[in-house]
Amino acid sequence: MSNDGQPAQDPLIDEAQAEQRRSAAARLFDIRRVIGGLFVAYGVIVTLIGIFDSRAEIDKAEGVRINLWAGLAMFVFGLLMLLWQWLRPAEAPDPNERQPDA
């Protein structure tokens, strides 16, 4: 009986750690986070452009500050995507569950 200074491995702890890693990976690569982040970033940029539009650009759009409104819409959409991802996080698929053959 040799003890090489390594702690005993508990299979339940190993399984819990593996599940935690799968769950973190599923949340990390959630497409809602990517889409939401991009829309928020572009929304901020377009909103700032819309705030500083010149009179000629506003007249070109028939008096509508289109960049401002489009930027705000993109920003709100991005925040909604991030809120959705935060309220309903992605669940990692169960590795033991067998998928039916097509």
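About the cut-offs
- Residues numbered from 1 in each chain as written.
- Predicted model: local features only at pLDDT ≥ 70, side-chain atom pairs only at ≥ 80, totals over all residues.
- Heavy atoms only, no water.
- Helix = DSSP H or I, 4+ residues; strand = E, 2+ residues; numbered from the N terminus.
- Contact = heavy atoms within 4.5 Å.
- Areas by Shrake-Rupley, 256 points an atom, 1.4 Å probe, with all protein chains shown as cover.
- Phe/Tyr/Trp six-rings, centres within 6.5 Å; stacked < 30°, edge-to-face > 60°.
- Buried < 20%, exposed > 50% of the residue type's maximum accessible area, 1.4 Å probe, protein only.
- Axes fitted to C-alpha atoms, helices over the stretch in contact; angles between N-to-C directions.
- Parallel < 35°, antiparallel > 145°, perpendicular 65-115°, else oblique.
- Left-handed = near helix turned anticlockwise from the far one by under 90°.
- Nonpolar A, V, L, I, M, F, W, Y, C, P; charged D, E, K, R; others polar.
- Patch = residues over 30% accessible without salt bridge, like charges linked within 9 Å, V, L, I, M, F, W, Y side chains within 5 Å.
- Salt bridge = Lys/Arg side-chain N within 4 Å of Asp/Glu carboxyl O.
- Expected span 1.5 Å × (residues − 1).
- Arc of directions from axis to C-beta.
- pLDDT = per-residue confidence, 0-100.

A. Spatial organisation of the overall build of the protein chain. Helix and strand content of the protein chain: 4 helices and 0 strands. Each helix and strand of the protein chain, ordered N terminal to C terminal, gives the series α-α-α-α. Residue pairs at least 24 apart in sequence account for 75% of intrachain contacts in the protein chain once pairs closer than 6 positions are excluded. Carbon together with sulfur atoms contributes 63% to the accessible area of the protein chain, which is approximately 8,500 Å² in total.

B. Just the packing of aromatic side chains, in detail. With the rule as written, the count across this model stands at 1 aromatic pair. Note on Phe39 and Phe77: the rings are 4.8 Å apart at their centroids and 75 degrees apart in plane angle, and the pair reads as edge-to-face. Separated by 38 residues along the polypeptide, Phe39 in helix α2 (residues 31–51) and Phe77 in helix α4 (residues 66–87) bring together distant segments of the chain. By relative accessible area, which is 32% here, Phe39 ends up partly exposed.

C. Spotlight on the packing of α2 against α4. Interhelical geometry of α2 versus α4 gives an angle of 155 degrees and a closest axis separation of 7 Å. By the angle between their directions, the pair α2 and α4 is classed as roughly antiparallel. Handedness of the α2/α4 crossing: left-handed. Across the contact of α2 with α4, the residue classes break down as 18 nonpolar, 9 polar and 2 charged.

D. Highlighting a nonpolar patch on the surface. Side chains of Ile31, Val34, Leu38, Tyr42, Ile45 and Ile49 sit close together on the surface and give an oily, nonpolar patch of about 580 Å² of accessible area. As for its placement among the helices and strands, Tyr42 is situated in helix α2. Taking relative accessible area as the criterion, Tyr42 reaches 48% and is therefore assigned partly exposed.

E. Structural detail: α2. For α2, spanning 21 residues, the distance from its first C-alpha to its last is 30 Å, which sits close to the expected 30 Å at 1.5 Å a residue. Within α2 the residues assigned to the buried category are Arg32, Gly36, Val40, Gly43, Thr47 and Gly50. An end-on view of α2 places all buried positions within 100 degrees of arc, on one side of the element. Looking at the buried side of α2, the elements it contacts are α4.

F. Spotlight on α4. When the terminal C-alpha atoms of α4 are compared, their 31 Å separation across 22 residues agrees well with the 32 Å that a helix rising 1.5 Å per residue should span. Within α4, burial applies to Leu68, Gly71, Gly78, Met81 and Gln85. Looking down the long axis of α4, one finds its buried residues gathered within 160 degrees of arc, a one-sided arrangement. Away from its buried face, by an angle of more than 90 degrees, α4 presents the exposed residues Trp69 and Leu87.

G. How the structure looks around the confidence of the model for the protein chain. Across the protein chain, the average pLDDT comes to 82, with 63% of residues at 70 or higher. Confidence, read as mean pLDDT per element, is least for helix α1 (residues 11–28) in the protein chain (65) and greatest for α4 (96).

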